[in-house]
Amino acid sequence: MPQHNTYLGISPQRKHYHQTMSSPTGQDTFKGWVAHDAKTPLRYTSYTPKPFTPTDVEISISHCGICGTDIHTLRSGWGPADYPCVVGHEIIGTVTRLGSAVSSQSNPNGIRLGDRVGVGAQSDACLRADCEACADGEESYCTRMTGTYNGRYSDKSKSYGGFAEKWRGPAHFVFRIPDSLPSAEAAPLLCAGVTVFAPMRKYGVGPGKTVGIVGVGGLGHLGILFARALGADRVVAISRSSGKKADAVGGLGADGFIATGEEKGWAKKYSRSLDVILCTVSAHDMPFAQYLRLLKRDGTFVQVGAPEDALPPLMAWSLIQKGVKVTGSNIGSPGDIRAMLALAAEKRVLPWIQKRDMVDVNQALVDMHEGKARYRYVLRNVNEQAKL
């Protein structure tokens with residue numbers, strides 16, 4: 001990805017909060033860092049957000065984390081992106097506009113003007129009573145879900161993300177940020193945090209359970225932190241090399257470390273030692289069958305990393321011999337996000353971040369792609385909001 005960018009300036013912080021239905025002067029525009037194809041740098045320019053509706057909120061963005069999904073999308077790695085595209089779905093900012101239908105009574109988050117809030121990877125779903133996923137509070141599995149960017153709303157308007165000055169979308173997927181969580185550290189929780197927390201919550205990670213986290217990166221380091229916060233008896237970090245062992249054990253609190261590319265016979269040595277494995281890597285050549293050897297009888301392997309290529313082949317006996325389960329997990333529901341934020345606030349689960357100015361987004365994306373982040377880059381808009 002080229003490293004050059006052009007920066008045209010950031011608008012001053014909006015001081016006047018208001019509650020209206022739409023702009024009286026016609027279709028409004030936002031400014032952000034826009035991708036026009038898979039090859040050229042993001043360009044700071046204008047774009048047209050979705051029409052403002054009674055159930056929407058508008059946010060002045062202070063911070064936005066960089067997620068691996070951003071890079072996959074920008075280069076059309078998972079399929080052709082819907083250019084022009086503004087990525088970014090770990091958004092923190094301040095509510096500057098409320099739709100007429102949004103109130104503390106109708107909104108489970110009790111969102112008000114001036115609140116500090118966050119937005120994750122999903123910005124809409126059908127929310128119909130006859131939708132099994134939505135009715136069960138599993139909106140992230142709704143067949144009509146809309147991603148925070150590179151998606152389309154029910155009116156066919158495009159969804160745009162957080163590499164921008166403002167964000168607009170449904171209040172149902174906007175969450176108040178607890179006061180004890182700093183904005184920059186809270187940003188990665190909205191995607192990376194809930195992506196690891198939701199399957200841990202679902203598969204009972206806590207006292208009495210041993211957990212393996214494959215990959216010590218943006219997702220994996222949060223996996224270690226949340227497994228500890230949930231009270232797992234033992235947390236084991238798993239990586240190809242021992243390069244991140246000091247971080248995993250000495251800093252993040254893992255109880256053990258397996259370097260699969262260095263330790264001979266590791267699959268046999270640690271066989272039947274883990275109840276749950278959370279795999280955060282996006283590698284098509286990972287030692288899949290050997291990972292399953294680490295599971296106890298009836299153990300669960302959860303894939304959350306999403307490689308652009310197919311997963312490695314697997315022999316049926318890898319599943320049959322111990323009755324293990326191989327499954328996946330897609331981000332998390334609004335309920336998961338609220339529970340995750342509450343736990344993070346209570347236990348002080350703070351991701352390891354490096355702050356980068358939004359104007360340097362193109363270089364930050366290059367550095368992220370090259371694996372330089374330790375362990376999450378968070379972009380900040382250079383205005384008064386970024387001081388939060």
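Source: prediction; values computed, not measured.

Criteria and cut-off values
Residues numbered from 1 in each chain as written. Predicted model: local features only at pLDDT ≥ 70, side-chain atom pairs only at ≥ 80, totals over all residues. Heavy atoms only, no water. Helix = DSSP H or I, 4+ residues; strand = E, 2+ residues; numbered from the N terminus. Buried < 20%, exposed > 50% of the residue type's maximum accessible area, 1.4 Å probe, protein only. Contact = heavy atoms within 4.5 Å. Areas by Shrake-Rupley, 256 points an atom, 1.4 Å probe, with all protein chains shown as cover. Pairing = 2+ DSSP bridges. Right-handed = clockwise from strand over helix to strand, strands pointing away. Core = buried A, V, L, I, M, F, W, Y, C linked by side-chain atoms within 4.5 Å. Axes fitted to C-alpha atoms, helices over the stretch in contact; angles between N-to-C directions. Parallel < 35°, antiparallel > 145°, perpendicular 65-115°, else oblique. Left-handed = near helix turned anticlockwise from the far one by under 90°. Nonpolar A, V, L, I, M, F, W, Y, C, P; charged D, E, K, R; others polar. Patch = residues over 30% accessible without salt bridge, like charges linked within 9 Å, V, L, I, M, F, W, Y side chains within 5 Å. Salt bridge = Lys/Arg side-chain N within 4 Å of Asp/Glu carboxyl O. Phe/Tyr/Trp six-rings, centres within 6.5 Å; stacked < 30°, edge-to-face > 60°. Lys NZ or Arg CZ within 6 Å of the ring centre and 35° of its normal. Expected span 1.5 Å × (residues − 1).

## Quick notes on the overall build of the protein
Next up, step 1: When helices and strands are counted, the protein shows eleven helices and 19 strands.
Next up, step 2: Taking all 388 residues of the protein together, the buried fraction comes to 55%.
Next up, step 3: When contacts within the protein are restricted to residue pairs at least 6 apart in sequence, long-range pairs at least 24 apart make up 72% of them.
Next up, step 4: Of the accessible surface of the protein, which amounts to about 16300 Å², a share of 50% is contributed by carbon and sulfur atoms.

## Describing the pairing of strand 13 (residues 234-239)
Next up, step 1: With five of its six residues buried, strand 13 lies for the most part within the structure.
Next up, step 2: Note: strand 12 (residues 210-214) against strand 13, five bridges, orientation parallel. Within strand 13, the position partnered with Val 211 by the bridge is Val 235.
Next up, step 3: Each parallel crossover has a hand, and the one from strand 12 via helix 5 (residues 218-229) to strand 13 is right-handed.
Next up, step 4: Considered for its hand, the β-α-β crossover made up of strand 13, helix 6 (residues 245-251) and strand 14 (residues 256-259) is right-handed.

## Section: the nonpolar core
Next up, step 1: Leu 181, Leu 189, Leu 222, Ile 224, Phe 226, Met 340 and Leu 341 are the most contacted members of the largest nonpolar core, which totals 47 residues.
Next up, step 2: For this core, the elements supplying multiple residues, two or more each, are helix 3 (183-186), helix 4 (192-202), strand 12, helix 5, strand 13, strand 14, strand 15 (274-279) and helix 10 (334-347).
Next up, step 3: Residue contributions to this core peak at seven residues, all from helix 5.
Next up, step 4: Tyr 44, Tyr 47, Cys 85 and Leu 98 belong to the second-largest nonpolar core, a separate cluster that totals 41 residues.

## What about the packing of helix 4 against helix 5?
Next up, step 1: As a packed pair, helix 4 and helix 5 sit with axes 8 Å apart at the nearest point and diverge in direction by 50°. Judged on the interaxial angle alone, helix 5 and helix 4 are oblique. At the point where helix 4 passes helix 5, the crossing takes the right-handed sense. Counted together, Ala 192, Gly 193, Thr 195, Val 196, Phe 197 and Met 200 of helix 4 and Gly 218, Leu 219, Leu 222, Gly 223, Phe 226 and Ala 227 of helix 5 form the full contact between these two elements.
Next up, step 2: Residue composition of the contact of helix 4 with helix 5, grouped by class: eight nonpolar, four polar and no charged.

## Some thoughts on a nonpolar patch on the surface
Next up, step 1: A grouping of Trp 317, Leu 319, Ile 320 and Val 326 is seen on the molecular surface, where their side chains present a nonpolar patch of about 390 Å² in accessible area.
Next up, step 2: Here the nonpolar patch takes three residues from helix 9 (residues 317-320), the largest share from any one element.
Next up, step 3: The topology assignment puts Val 326 in strand 17 (residues 325-328).

## Brief notes about the side chain of Thr 300
Next up, step 1: Relative to the helices and strands, Thr 300 resides in strand 16 (residues 295-303).
Next up, step 2: In this structure, Thr 300 is in contact with Tyr 203, Asp 275, Val 276, Ile 277, Leu 295, Lys 325 and Thr 327, ignoring residues within four places of it in sequence.

## Some words on the sheet that holds strand 12
Next up, step 1: With parallel pairing, six strands are arranged side by side in an open sheet as 14-13-12-15-16-17. What marks the edges here is a single partner per strand, and that holds for strand 14 and strand 17. Neighbour-to-neighbour, the strand axes of the sheet open up by a mean angle of 20°, direction not taken into account.
Next up, step 2: Relative to the sheet, helix 5 contacts strand 12 and strand 13, its axis offset from that of strand 13 by approximately 170°.

## Thoughts on the environment of Asp 309
Next up, step 1: Within the fold, Asp 309 resides in the loop between strand 16 and helix 9.
Next up, step 2: Expressed as a C-alpha distance, the spacing of Asp 309 and His 284, which sit 25 residues apart in the sequence, is 5.8 Å.

## Considerations on the packing of aromatic side chains
Two aromatic rings are characterised by how far apart their centres lie and by the angle between their planes.
Next up, step 1: Following the criterion strictly, the structure yields eight aromatic pairs and no others.
Next up, step 2: Between Trp 33 and Tyr 44, the ring centres sit 5.4 Å apart and the planes meet at 55°, which makes this aromatic pair tilted. Taken together, the residues span a long stretch of sequence, with Trp 33 in strand 1 (residues 30-34) and Tyr 44 in strand 2 (residues 43-47) at a distance of eleven residues.
Next up, step 3: Classification of Trp 33 by relative accessible area gives buried; the value is 1%.
Next up, step 4: For the cation-ring pair, Arg 97 lies above Phe 52, with the distance from its terminal atom to the ring centre recorded as 3.9 Å.

## What about the pattern of salt bridges?
Next up, step 1: Applying the stated criterion across every chain, the model contains 20 salt bridges.
Next up, step 2: Residues Asp 28 and Arg 168 are paired through a salt bridge, measuring 2.4 Å at the closest nitrogen-oxygen approach. In this pair, Asp 28 is assigned in the segment before strand 1 and Arg 168 in strand 10 (residues 166-170), connecting sequence segments 140 residues apart.
Next up, step 3: Judged by relative accessible area, Arg 168 falls into the buried class, the value being 4%.
Next up, step 4: Here Asp 298 ties to Lys 325 by a salt bridge, and the two come within 3.0 Å at their closest N and O atoms. Residue Asp 298 is found in strand 16, and its partner Lys 325 is found in strand 17; the two are separated by 27 residues along the sequence.
Next up, step 5: On the basis of relative accessible area, Lys 325 is assigned to the partly exposed category, the value being 34%.
Next up, step 6: Through salt bridges with shared partners, one network takes in Asp 28, Glu 58, Arg 97 and Arg 168.

## Here's the deal with the side chain of Arg 376
Next up, step 1: If you trace the backbone, Arg 376 turns up in strand 19 (residues 376-380).
Next up, step 2: Setting aside chain neighbours within four positions, we find Arg 376 in contact with Ile 66, Cys 67, Gly 68, Glu 90, Pro 188, Ala 192, Gly 218, Leu 219, Trp 352, Ile 353, Gln 354 and Met 368.

## Topic: helix 5
Structural remark: α-helix, 3.6 residues per turn; residues separated by three or four positions point the same way.
Next up, step 1: Between the first and last C-alpha of helix 5 there are 17 Å, a value that for twelve residues agrees with the 16 Å anticipated at 1.5 Å per step.
Next up, step 2: Within helix 5, eleven of the twelve residues are buried, which leaves the element mostly enclosed by the surrounding structure.
Next up, step 3: Turning to helix 5, its buried residues number three or more, namely Gly 218, Leu 219, Gly 220, His 221, Leu 222, Gly 223, Ile 224, Leu 225, Phe 226, Ala 227 and Ala 229.
Next up, step 4: Buried positions along helix 5 lie against helix 4, strand 12, strand 13, helix 6, helix 10 and strand 19.
Next up, step 5: Gly 231 sits one or two residues past helix 5 and shows a positive phi near 90°.

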